[in-house]
Amino acid sequence: MDSQTIVAPMTPAGVSAVAAIRVSGSRVREVVRLLFGEAALKNLKAREAKLATARDYRTMAGDDRATAQVVDSLLYIFFEGPNSYTGEDVLELYPHGNPIIVRELIQVIKSVDGVRLAEPGEYTRRAFLNGRMDLVQAESVADVIHSANRDELKNAHRLLGGALSKKVKTLTEQVMDISARLELDVDFAEEEADPDYATWGTKIEAIRESVESILKSFRGKAAVSRLPLAVLYGAPNAGKSSLVNALLGEDRILVSDIPGTTRDFVEVRLFLDGGEIRLVDTAGIADKAADALDALSMEKSREILAEADMKILVLDGANENCACSPSSTGLPTSSSTGLPASSSTEGRGSIISSLRHSDDAIHPDFIVISKSDLGASRQGNACMDMTNSIHISSKTGAGLVELRQTMNAALFKKTENSEDLWITSEREKACLEEALAGIDRTLSLIRMNPAVELIAFEMQLVRRALQSITGEISSEDVLQKIFAGFCIGK
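Residues numbered from 1 in each chain as written. Predicted model: local features only at pLDDT ≥ 70, side-chain atom pairs only at ≥ 80, totals over all residues. Heavy atoms only, no water.

### Observations regarding the overall build of the protein
So, point 1. Counting its regular elements, the protein contains 19 helices and 14 strands.
So, point 2. The buried share of the protein, reckoned over its 490 residues, is 47%.
So, point 3. Partitioning the contacts of the protein with sequence separation of at least 6, the portion at a separation of at least 24 is 66%.
So, point 4. Split by element, the accessible area of the protein, about 24,500 Å² in all, is 51% carbon and sulfur. (Helix = DSSP H or I, 4+ residues; strand = E, 2+ residues; numbered from the N terminus. Buried < 20%, exposed > 50% of the residue type's maximum accessible area, 1.4 Å probe, protein only. Contact = heavy atoms within 4.5 Å. Areas by Shrake-Rupley, 256 points an atom, 1.4 Å probe, with all protein chains shown as cover.)

### Section: the side chain of Arg 208
So, point 1. Checked against the element boundaries, Arg 208 lands in helix H8 (residues 197-216).
So, point 2. Its relative accessible area of 18% is what places Arg 208 among the buried residues.
So, point 3. Discounting residues that sit within four places of it in the chain, Arg 208 has contacts with Leu 436, Ile 439, Asp 440 and Leu 443.

### Some words on the pattern of salt bridges
So, point 1. As enumerated under the stated definition, the model contains 19 salt bridges in all.
So, point 2. With a shortest N-O distance of 2.9 Å, Arg 58 and Asp 56 are connected by a salt bridge.
So, point 3. Of the residues examined, Asp 56 reaches a relative accessible area of 5% and is grouped as buried.
So, point 4. Between Asp 316 and Lys 371 there is a salt bridge, and its shortest N-O distance comes to 3.4 Å. (Salt bridge = Lys/Arg side-chain N within 4 Å of Asp/Glu carboxyl O.)

### Describing the environment of Lys 395
So, point 1. For Lys 395, the position within the fold is in the loop between strand E14 (389-391) and helix H16 (400-411).
So, point 2. We classify Lys 395 as exposed; its relative accessible area is 74%.

### Looking at the packing of aromatic side chains
For any pair of aromatic rings, the description rests on two quantities: the centre-to-centre distance and the angle between the ring planes.
So, point 1. According to the stated counting rule, one finds one aromatic pair in the structure shown.
So, point 2. Look at Phe 36 and Tyr 76: their rings are 4.3 Å apart centre to centre, the planes differ by 15°, and that puts the pair in the stacked class. Taken together, the residues span a long stretch of sequence, with Phe 36 in helix H1 (residues 28-36) and Tyr 76 in strand E5 (residues 69-79) at a distance of 40 residues. Each member of the pair Phe 36 and Tyr 76 is classed as buried. (Phe/Tyr/Trp six-rings, centres within 6.5 Å; stacked < 30°, edge-to-face > 60°.)

### Describing unusual backbone geometry
What is expected of a backbone is that most residues other than glycine have negative phi and most peptide bonds are trans.
So, point 1. Between Gly 81 and the following residue, Pro 82, the backbone shows a cis peptide bond with an omega angle of 10°.
So, point 2. Take Pro 82: it is sitting in the loop between E5 and strand E6 (90-94).
So, point 3. A positive phi is found at Lys 371, a non-glycine position, where the angle reads about 55°.
So, point 4. Looking at where Lys 371 falls in the secondary structure, it is placed in the loop between strand E13 (366-370) and helix H15 (372-375).

### A short note on the sheet that holds strand E4 (residues 50-56)
Paired through their backbone hydrogen bonds, the strands of a sheet run either parallel or antiparallel.
So, point 1. In space, the six strands of this open sheet follow the order E4-E5-E6-E3-E1-E8, with mixed pairing throughout. Either end of the sheet is taken by a strand with one partner, and the two such strands are E4 and strand E8 (115-117). When strand polarity is set aside, the average angle formed by the axes of neighbouring strands in this sheet is 30°.
So, point 2. Pairing between E4 and E5: seven bridges, direction antiparallel. In the sheet register, Ala 54 faces E5, and the bridge partner there is Asp 72.
So, point 3. Against the sheet, helix H3 (residues 99-110) contacts strand E1 (5-9), strand E3 (21-24), E4, E5, E6 and E8, and its axis sits at roughly 70° relative to E5.
So, point 4. Strand contacts of helix H4 (residues 122-129): E1, E3 and E8, with the helix running at about 135° to E1, the strand carrying the most contacts. (Pairing = 2+ DSSP bridges. Axes fitted to C-alpha atoms, helices over the stretch in contact; angles between N-to-C directions.)

### Some thoughts on the sheet that holds strand E11 (residues 275-281)
So, point 1. The mixed open sheet is built from six strands, whose spatial order is E10-E11-E9-E12-E13-E14. Either end of the sheet is taken by a strand with one partner, and the two such strands are strand E10 (266-272) and E14. Neighbour to neighbour, the strand axes of the sheet diverge by 25° on average, direction disregarded.
So, point 2. Taken together, the seven bridges between E10 and E11 define a ladder with antiparallel strand orientation. The partner of Leu 272 across the bridge, within E11, is Gly 275.
So, point 3. Packed on one face of the sheet, H16 meets strand E9 (229-234), E10, E11, strand E12 (310-316), E13 and E14 and runs near 90° to E10.

### As for the nonpolar core
So, point 1. The biggest cluster of nonpolar side chains holds 33 residues, and the ones touching the most others in it are Leu 164, Leu 182, Ile 204, Val 211 and Leu 466.
So, point 2. Setting aside anything within four residues of it in sequence, one finds Ile 204 in contact with Ile 178, Ile 439, Thr 442, Leu 443, Ile 446 and Met 459.
So, point 3. In this structure, Leu 35, Phe 36, Leu 44 and Leu 105 belong to the second largest nonpolar core, which totals 28 residues. (Core = buried A, V, L, I, M, F, W, Y, C linked by side-chain atoms within 4.5 Å.)

### Thoughts on helix H19 (residues 476-483)
So, point 1. Among the residues of H19, those classed as buried are Leu 479, Ile 482 and Phe 483. All buried residues of H19 project into a common sector of 80° when viewed along the axis, lining one side. With respect to the buried face of H19, the exposed residues turned more than 90 degrees away are Asp 477 and Lys 481.
So, point 2. Along its buried surface, H19 packs onto H4, helix H5 (135-146) and helix H17 (426-448). (Arc of directions from axis to C-beta.)

### Looking at the confidence of the model for the protein
So, point 1. This prediction gives the protein a mean pLDDT of 80; 77% of its residues lie at or above 70.
So, point 2. Every residue in residues 323-360 is under pLDDT 50, and counting partners more than four places away or in other chains gives 65 contacts.
So, point 3. Of the regions scoring below 50 in pLDDT, residues 376-381 engages in eight contacts with residues more than four places distant in sequence or in other chains. (pLDDT = per-residue confidence, 0-100.)

### Describing the packing of H5 against H19
So, point 1. Interhelical geometry of H5 versus H19 gives an angle of 20° and a closest axis separation of 10 Å. Overall, the two elements H5 and H19 adopt an arrangement that is roughly parallel. Contact with H5, carried on its side by Leu 135, Ala 138 and Glu 139, involves Leu 479, Ile 482 and Phe 483 of H19 and no other residues of that element. (Parallel < 35°, antiparallel > 145°, perpendicular 65-115°, else oblique.)

### Structural notes on H3
So, point 1. Given a rise of 1.5 Å per residue, 12 residues ought to cover 16 Å, and the 16 Å separating the end C-alpha atoms of H3 matches this to within 8%.
So, point 2. Turning to H3, its buried residues are Ile 101, Val 102, Leu 105, Ile 106, Val 108 and Ile 109. Within H3, the buried residues cover an arc of 160° as seen down the axis, which keeps them to one side. With respect to the buried face of H3, the exposed residues turned more than 90 degrees away are Ile 100 and Arg 103. (Expected span 1.5 Å × (residues − 1).)

Following this line, the structure appears as structure tokens:
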């Protein structure tokens, strides 16, 4: 392993109240001495936060530390190896989050003999090589950082905590036990009676079920990291853009009383209790396009609706006929639904009916009736009693909490067993597939009643495949591929 000490920022670039820098390796104590002075080194204690002034030792006049240029007044914590993240001596610095300060601190630390900038994932790689975590746990560090919702984060924490590693270790031990018995049979093949193939087959079949169960839990990173998509649609000036602004708590989208303000769909990120989602405000959908640009914008709206995980129809609650006029809903007219013209003006029942019977119609998952502060007092408003809907006011905030709860429940459905875990690593999946293939070959050999040597060889391959999952057996190429995808400070 590289004996050089490494340094890198742990926090993203940009201005913040506090930044974080990590130094790991044998030269950490020398870094403390040069940054903070001899007294700081003599009084250095593990896991004790200290406030001190970091100075650039390169600018010091003679031995007078007071003449050295001040970099920042900051907090630092020393972690003595092996009781640290990497298993080495580690120094964590918490300066003010000015990029100039962070950059200057790193330059000063890099100037110390034997210190260099860390490579992507190098801290976690050193943690793995020093036995602080296995390869499954190392990979799950990235999952913890990049999880997009609570379920993914819980799963990543289970993997980091060793839940999968324990399962794989148990399976490996079972395979090793069978292998040991097989090898004994090989050594004493001439002295012993015929091997007990039936007993072996039962045990190996049980291992196969466990491996297959873990393998079936695989979810690709692309699918797992995809953010749920909720799309707002409806007639021009129905209040879609105002609703997006109200949900975000800021004026993100231009709002006007003039219909058709939004010509292209606008995508924002919205945080719900379950995690982050993509929320899209579409151009209003009307019966007829006013011009070619209007027609194109409505076509774009329909395209994004086809991708949506949740389609939310927004109706204008200030309109007395909000639920029964095709032009006010953006829903198909009678000609597109194949229903009589009169059926499209008989209230909410006819609207839902036309939605269900049109192949080209947009089927809403939920209906939001906007402008309740204007429409609630209107007597006989057709929107007032519509089922599967929420009345909201973007102006007063009424109904927004209920809407967020509804969206959260629909987009982040509870799993049947919250204790289940799944794997997202293609590498782990490949190792499990290799182990499963070896088990199948072993079972096939047992049914054929072959020489014990062949069965023992196949079980060795199964064991190696399982050990590769946790990194008991690994190559430099595999490690390089895994940690290259990490950020610099991790």
